[in-house]
Amino acid sequence: MGMFEGMIEKMTLWEAVRAAHALVTESRVFIDDKGWHIKAIDPANVAMVVVDVPSEAFHKYELKLEGEEEKERKGVEIGVSIDKTAEILRSVGRNEEVFLAVRDTMFMKFGNFTFSMNLYDPSSIREVKEPTNINYTSQVIMDGDAFRRAMDAAKRISEYVTLSVKNAAFTVKAEREDMNMEMKLSEDELFDFEEGDACSSFSLEYLTSMAKVFANTQVSIKLGNDVPIRMEGKIAD
């Protein structure tokens, strides 16, 4: 296996790990000269997460490839426990830097502490390919914290939420026999808006976790009719 060494701010790494941890406890991670790339799907095969941490996010970034396969792929793939990585990062001070080293194991060093963690065989973790041929008819770009609060409110009403775009407005709706909740944002209340009729329902078990990832940024939401939602945004600056 190739060797990697890098230095990164705790909060940058934390935001990336937290994004993946919203859906999975372990993941394949591909490391190349452009950065770290996480792509994983939850055990129920319902939701997928893709996180890219560019090499520019690191203060130090050194990758040495060994073996023909690594050189041909121009990178190295490892299997990482997202769960355990998140636990380690909870011990790191908010303004500290983390030294990362990967070879047969992964080392994380900060202050006077050094953690080592065994890596998984990436082939033991299911490989994920992005879905294709999804017909998105509209796109909304809005404040991530507003979307998070809407999901929290919906979860008080139901286990499911319906997101729709119609008549120049984006609507979040949850309902049950004795109670309803609706949040409606007009085009003027959104950062950007590409209108096209769309309506789909989703499990709040997933959407509330996903929404928290974008609470401090803008979030792009792509919708269609009875198709998966696609949420994108930049985190950790």
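In what follows, the accompanying structure is described. (Residues numbered from 1 in each chain as written. Predicted model: local features only at pLDDT ≥ 70, side-chain atom pairs only at ≥ 80, totals over all residues. Heavy atoms only, no water.)

1. Side note on the sheet that holds strand S6 (residues 75-81)
The cut-off we apply is this: Being paired, for any two strands, means DSSP has found at least two bridges between them. Only DSSP runs of H or I with at least four residues qualify as helices, and only runs of E with at least two residues qualify as strands; both kinds are numbered from the N terminus onward. Angles here are taken between N-to-C directions and fall from 0 to 180 degrees, while the axes themselves are lines fitted to C-alpha atoms, restricted in helices to the stretch in contact. We call two residues in contact when some of their heavy atoms are within 4.5 Å.
If you trace the four strands from one edge of the open sheet to the other, you get S4-S3-S2-S6, paired in antiparallel fashion. Both edges of this open sheet fall to strand S4 (48-54) and S6, since each of them pairs with a single strand only. Each adjacent strand pair in this sheet contributes to an overall mean axis angle of 20 degrees, direction not counted. Relative to S6, strand S2 (residues 26-32) runs antiparallel, the two sharing seven bridges. In the strand pairing of S6, Arg28 is matched with Gly79. Along the sheet, helix H1 (residues 10-21) makes contact with strand S3 (35-41) and S4, crossing S4 at roughly 170 degrees. Running at roughly 75 degrees to S6, helix H3 (residues 82-89) makes contact with S2 and S6 of the sheet.

2. Details of the side chain of Ser200
Heads up, the rule is: In this scheme, a residue with accessible area under 20% of its type's maximum is buried, one over 50% is exposed, and one in between is partly exposed, where area comes from a 1.4 Å probe on protein chains only. Any pair of nitrogen or oxygen atoms within 3.5 Å is treated as a polar contact; in protein, a donor-acceptor pairing is required on top of that, and neighbouring residues in sequence qualify only through side-chain atoms on both sides.
Here Ser200 is to be found in strand S15 (residues 198-203). Judged by relative accessible area, Ser200 falls into the buried class, the value being 2%. Only 2.8 Å separates the side chain of Ser200 from the backbone oxygen of Gly224, close enough to count as a polar contact. Of the polar contacts made by the side chain of Ser200, one reaches the backbone nitrogen of Asp226; its length is 2.7 Å. Those residues in contact with Ser200, other than ones at most four positions away along the chain, are Val161, Thr162, Leu163, Gly224, Asn225, Asp226 and Val227.

3. Here we look at H3
One turn of the α-helix equals 3.6 residues, which is why residues spaced by three or four share an orientation. Put simply, the rule reads: The directions considered for the arc are those from the helix axis to the C-beta atoms.
Among the residues making up H3, those that are buried are Ile82, Thr85, Ala86, Ile88 and Leu89. Relative to the axis of H3, the buried residues are bounded by an arc of 160 degrees and lie together on one face. The secondary structure elements touched by the buried residues of H3 are H1, S2, S6, strand S7 (97-102), strand S8 (105-110) and strand S9 (113-118).

4. Looking at the pairing of strand S10 (residues 138-143)
S10 sits mainly inside the fold: five of its six residues count as buried. Summarising the sheet, S10 and strand S16 (residues 218-223) pair through six bridges and their orientation is antiparallel. Bridged to Ile141 within S16 is Ser220.

5. What about the side chain of Thr12?
Looking at the secondary structure, you find Thr12 in helix H1. Of the residues examined, Thr12 reaches a relative accessible area of 16% and is grouped as buried.

6. Details of unusual backbone geometry
Phi is mostly negative for residues that are not glycine, and the peptide bonds are mostly trans. One non-glycine residue, Lys74, adopts positive backbone phi at about 60 degrees. Positionally, Lys74 belongs in the loop between helix H2 (68-73) and S6. Lys74 gets classed as exposed once you look at its relative accessible area, which sits at 63%. With phi around 55 degrees, Asn167 is a residue other than glycine that occupies positive phi space. Examined against the element boundaries, Asn167 turns out to sit in the loop between strand S11 (160-166) and strand S12 (169-176).

7. Brief notes about the pattern of salt bridges
Test applied: By salt bridge we mean one thing: a side-chain nitrogen of Lys or Arg within 4 Å of a carboxyl oxygen of Asp or Glu.
All chains considered together, the criterion is met by 11 salt bridges. Arg103 is the salt-bridge partner of Glu66, the closest N and O atoms lying 3.1 Å from each other. Taken together, the residues Glu66 in the loop between strand S5 (58-64) and H2 and Arg103 in the loop between S7 and S8 connect sequence positions 37 residues apart. Residue classification places Glu66 among the partly exposed positions, given a relative accessible area of 35%.

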